[in-house]
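Chains, contacts and geometry: an overview
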Amino acid sequence: MSQSPSDVPQFDPAAERFLRAQGVEPAALQSIPGDASARRYWRASAGRVLAQVPEASELLPFLRVQRRFAAAALPVPKILAVSLQHRLLLQEDVAVQDLKASLDGGEPADEVFARVFPLLLGLAAATQDFCLRPPLPPYDAVRLLQELSLFPDWYLQRHLGISLDAGEQEQLGTLFHELIGAAQQQPQIWVHRDFHARNLLVRANGDVVMIDFQDAVVGPWTYDLASLLWDRYWDWGRARRSEWIELYRQQLRTRGFRVPGVEEFRHQVETVALQRNLKILGIFCRLAYRDGKSAYLEFLPRFWAYVEDLLAGQISWQNYVPMFQAWSPCTKR
């Protein structure tokens, strides 16, 4: 298949020399479609993937996290070569396909998640067993609030044209304060932070490998589970999500973790799910209006439905429902 002109890699002579020193012929690279980021990816010969990032500083967090995850025997691609000068990263090509393709191809979700839950358990266990320096950044109150602020800034104001009155600002602020406090009260573990089907790749032997982990933090132990279960591609429904939440809680207990009761643990998961889904509504609007990636607006109804379902499912959140009802994706002022 021929590449479009925009997919043909353009490197300066020094970068081409670096690539050829690694046995990579620039003209033979095959473009791999990207996602939300500005990073670019190509498939190279001999089972390798080349990535180029907009800023060299983006490579350092990736390398730090990769080192920690690899030291903890967490499944991540091997790093083969790095050039900070040219913003290039060469790593092994681990994938036969990603988990989205597995699910699209008809593999039962229960079987898929049975292969994924050990990764979540591994992240939790590694937090106890490894104290590498410097530590991963904390998913602290400042960062959580910055993410939640994307919802009023980009979803409400930019997308819907809604300016909150003083009462709405106070009520939304109260909800944000509750979500942040609840997230910080949970056990804090290594968190991938973008743990979903497109970032989980399948090796030829069926093992699952994590990618796109450069934003990993130390944060609430239910965050990655919520990322997996409240997915952009499939709405599994409340009943099925509750079954998987309980299955994971039992697996944590089997691994020796002190876990709360069924309802308390489910509330922990749903708390970070609400935080994450509000953040995603803001992020997708920012991608559309700031970065010109309008296709992300198509996902808004799904994540809005998640927010409505979460608010309705917890008695303590039901007083927020009337306010949110005026903010559906179909509403514009």
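Anyway, here's the lowdown on the structure attached to this text. (Residues numbered from 1 in each chain as written. Predicted model: local features only at pLDDT ≥ 70, side-chain atom pairs only at ≥ 80, totals over all residues. Heavy atoms only, no water.)

1. Some words on the overall build of the chain
Across its full length, the chain carries 12 helices and 10 strands. Since a compact globule built from 333 residues should have a radius of gyration of about 20 Å, the 21 Å found for the chain is in line with a globular shape. The principal-axis extents of the C-alpha atoms in the chain amount to approximately 60 × 50 × 40 Å. For the chain, buried positions account for 48% of its 333 residues. Relative to all contacts within the chain whose residues are 6 or more apart in sequence, the contacts with residues 24 or more apart total 73%. When the accessible surface of the chain is totalled, it reaches about 15,400 Å², and 52% of it is carbon and sulfur. For the chain, the distance from the average site of its 36 positive side-chain charges to the average site of its 38 negative ones is 5 Å. (Helix = DSSP H or I, 4+ residues; strand = E, 2+ residues; numbered from the N terminus. Rg over C-alpha atoms; globule rule 2.2 N^0.38 Å. Buried < 20%, exposed > 50% of the residue type's maximum accessible area, 1.4 Å probe, protein only. Contact = heavy atoms within 4.5 Å. Areas by Shrake-Rupley, 256 points an atom, 1.4 Å probe, with all protein chains shown as cover. Lys, Arg positive; Asp, Glu negative; His and termini not counted. Charge placed at Lys NZ, Arg CZ, Asp CG, Glu CD.)

2. Examining the packing of helix 7 (residues 166–185) against helix 10 (residues 262–289)
Close contact between helix 7 and helix 10 brings their axes to 9 Å; oriented N to C, the two are set at 125°. Put simply, helix 7 runs oblique to helix 10. The way helix 7 lies across helix 10 gives a crossing that is left-handed. Contact residues: helix 7 offers Leu-175, Phe-176, Leu-179, Ala-182 and Ala-183, while helix 10 offers Thr-271, Val-272, Leu-274, Gln-275 and Leu-278. Within the contact of helix 7 with helix 10, the residues separate by chemical class into 8 nonpolar, 2 polar and no charged. (Axes fitted to C-alpha atoms, helices over the stretch in contact; angles between N-to-C directions. Parallel < 35°, antiparallel > 145°, perpendicular 65-115°, else oblique. Left-handed = near helix turned anticlockwise from the far one by under 90°. Nonpolar A, V, L, I, M, F, W, Y, C, P; charged D, E, K, R; others polar.)

3. Concerning the packing of helix 10 against helix 11 (residues 300–313)
Running from N to C, helix 10 and helix 11 point in directions that differ by 150°, and their axes come no closer than 9 Å. Here helix 10 is positioned roughly antiparallel relative to helix 11, judged by the angle of their axes. Handedness of the crossing formed by helix 10 with helix 11: left-handed. Across from Glu-270, Ala-273, Leu-274, Asn-277, Leu-278, Ile-280, Leu-281, Phe-284 and Cys-285 in helix 10, the residues of helix 11 making contact are Leu-300, Phe-303, Trp-304, Tyr-306, Val-307, Leu-310 and Leu-311. In terms of residue class, the contact of helix 10 with helix 11 is built from 14 nonpolar, 1 polar and 1 charged.

4. Details of the packing of aromatic side chains
All told, the structure shown has 27 aromatic pairs when counted by the stated rule. For the pair Phe-62 and Phe-213, a centre-to-centre distance of 4.7 Å together with 20° between the ring planes defines the contact as stacked. Here Phe-62, found in helix 2 (residues 59–71), pairs with Phe-213, found in the loop between strand 9 (208–210) and strand 10 (217–220); they are 151 residues apart in sequence, far enough to count as distant. The same class applies to Phe-62 as to Phe-213, namely buried. A centroid spacing of 5.8 Å and a plane angle of 50° characterise the contact between Phe-284 and Phe-299, whose relative ring orientation is tilted. Placement of Phe-284 in helix 10 and of Phe-299 in the loop between helix 10 and helix 11 is noted, with a sequence separation of 15 residues between them. (Phe/Tyr/Trp six-rings, centres within 6.5 Å; stacked < 30°, edge-to-face > 60°.)

5. Looking at the sheet that holds strand 8 (residues 200–202)
Ordered in space as 6-8-9, the 3 strands form an open sheet in which the pairing is antiparallel. Looking at strand neighbours, the two that pair on one side only are strand 6 (97–98) and strand 9, the edges of this open sheet. In the sheet, strand 8 pairs with strand 9 via 3 bridges, with the strands oriented antiparallel. The residue bridging Leu-200 from the neighbouring strand is Met-210, located in strand 9. (Pairing = 2+ DSSP bridges.)

6. Regarding unusual backbone geometry
At Arg-87, a position not held by glycine, the phi torsion is positive, near 60°. With respect to the secondary-structure elements, Arg-87 resides in the loop between strand 4 (79–83) and strand 5 (88–92). Its relative accessible area of 28% is what places Arg-87 among the partly exposed residues. Although it is not a glycine, Asp-212 adopts a positive phi angle of roughly 55°.

7. A word on the pattern of salt bridges
Pairing between side chains of opposite charge can happen when the charged atoms of each approach one another. According to the stated counting rule, one finds 20 salt bridges in the structure shown. A salt bridge links Glu-246 to Arg-249, with the nearest nitrogen and oxygen atoms 2.7 Å apart. Taken together, the residues span about one helical turn, with Glu-246 and Arg-249 both in helix 9 (residues 238–254) at a distance of 3 residues. The pair formed by Glu-246 and Arg-249 is uniform in burial state, with each residue classed as buried. Each member of the salt-bridge network shares a partner with another, and the members are Asp-235, Arg-238, Arg-241, Glu-263, Arg-266, Glu-270 and Asp-309. (Salt bridge = Lys/Arg side-chain N within 4 Å of Asp/Glu carboxyl O.)

8. Some points on the nonpolar core
Ranked by internal contacts, the top residues of the largest apolar core, which has 90 residues, are Phe-69, Phe-151, Leu-172, Phe-324 and Trp-327. Top element by residues in this core is helix 4 (residues 109–129). It accounts for 12 residues. With residues near it in sequence (within four places) discarded, Phe-151 still touches Leu-156, Leu-172, Phe-176, Leu-278, Leu-281, Gly-282, Trp-304, Phe-324 and Trp-327. If you look at the next biggest cluster of nonpolar residues, it comprises 12 residues, including Ala-15, Phe-18, Leu-19 and Leu-88. (Core = buried A, V, L, I, M, F, W, Y, C linked by side-chain atoms within 4.5 Å.)

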